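Here's the letter readout for the chains.
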Amino acid sequence: MTAPTQDPGLDSGHHPAGAPHTADEVRGSSLGELMRQVTTDLSTLMRQEVELAKAEIRQEGRKAGKAAGLFGGAGFGGYMVALFLSIALWAGLSNVLDAGWAALIVAVLWGAIAAVLYSMAKQNAQRVRGLRQTNDSVQRIPDALKPHPEGVTR
């Protein structure tokens, strides 16, 4: 990208990007300069919103990744415990019932456990919070900057 060759207009003084300008500075500026400043401010705002969303996604992603790894390890350990307890229960029931019926009882028990866990997982999935800070920040963008398709005529 090349540097602009025209007069910087409102930015020529001592104002950082996004700083308010005095009424005299605005009156002394051309419409083109004012539009350029608005465009620059909008561009800066959009870049900041994108950066906020990226930072929030990275932060939440790290937390989720760590939790997923720990849940994975705990899940494998729990799986091994459940496997050997199931085999022990099957063997114990085989002393009283036929081995086939004992296996069926253990399978039905695991089906009930799976149904309860699925129900709990579904409830927890509905509580995922999303990108709150980004959403709140975008909501504060003035309505004048948001598109209103119903008001547009062609």
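Please read these numbers as outputs of a predicted model, since none were measured by experiment.

Moving on, we come to the packing of helix α2 (residues 31-94) against helix α4 (residues 132-139). Running from N to C, α2 and α4 point in directions that differ by 165°, and their axes come no closer than 8 Å. With respect to their mutual orientation, α2 and α4 come out roughly antiparallel. Considering how the two elements wind past one another, α2 and α4 form a crossing that is left-handed. Each of Glu49, Leu52, Ala53 and Glu56 in α2 lies in contact with α4, whose residues at this interface are Arg132, Gln133, Thr134, Ser137 and Val138. Split by residue class, the contact of α2 with α4 holds three nonpolar, three polar and three charged.

Here we take up the pattern of salt bridges. Evaluated as defined, the whole model comprises two salt bridges. The salt bridge involving Lys54 is made with Glu51; its shortest N-O contact spans 3.4 Å. In this pair, Lys54 and Glu51 are both assigned in helix α2, three residues apart and thus about one turn of the helix distant. Here Lys63 ties to Glu60 by a salt bridge, and the two come within 3.5 Å at their closest N and O atoms.

Here Glu56 is to be found in helix α2. With sequence-adjacent residues up to four places away left out, Glu56 is seen in contact with Arg129, Leu131, Arg132, Gln133 and Thr134.

It is at 8 Å that the axes of α2 and helix α3 (residues 99-125) come closest, and there the two elements cross at 140°. Comparing their axes, α3 and α2 come out oblique. For the pair α2 and α3, the crossing hand works out as right-handed. Here α2 contributes Ala82, Ser86, Leu89, Trp90, Leu93 and Ser94 to the contact with α3, which in turn contributes Ala99, Ala102, Ala103, Ile105, Val106, Leu109 and Trp110. Tallied by class, residues from the contact of α2 with α3 come to eleven nonpolar, two polar and no charged.

So, how was this worked out
- Residues numbered from 1 in each chain as written.
- Predicted model: local features only at pLDDT ≥ 70, side-chain atom pairs only at ≥ 80, totals over all residues.
- Heavy atoms only, no water.
- Axes fitted to C-alpha atoms, helices over the stretch in contact; angles between N-to-C directions.
- Helix = DSSP H or I, 4+ residues; strand = E, 2+ residues; numbered from the N terminus.
- Parallel < 35°, antiparallel > 145°, perpendicular 65-115°, else oblique.
- Left-handed = near helix turned anticlockwise from the far one by under 90°.
- Contact = heavy atoms within 4.5 Å.
- Nonpolar A, V, L, I, M, F, W, Y, C, P; charged D, E, K, R; others polar.
- Salt bridge = Lys/Arg side-chain N within 4 Å of Asp/Glu carboxyl O.

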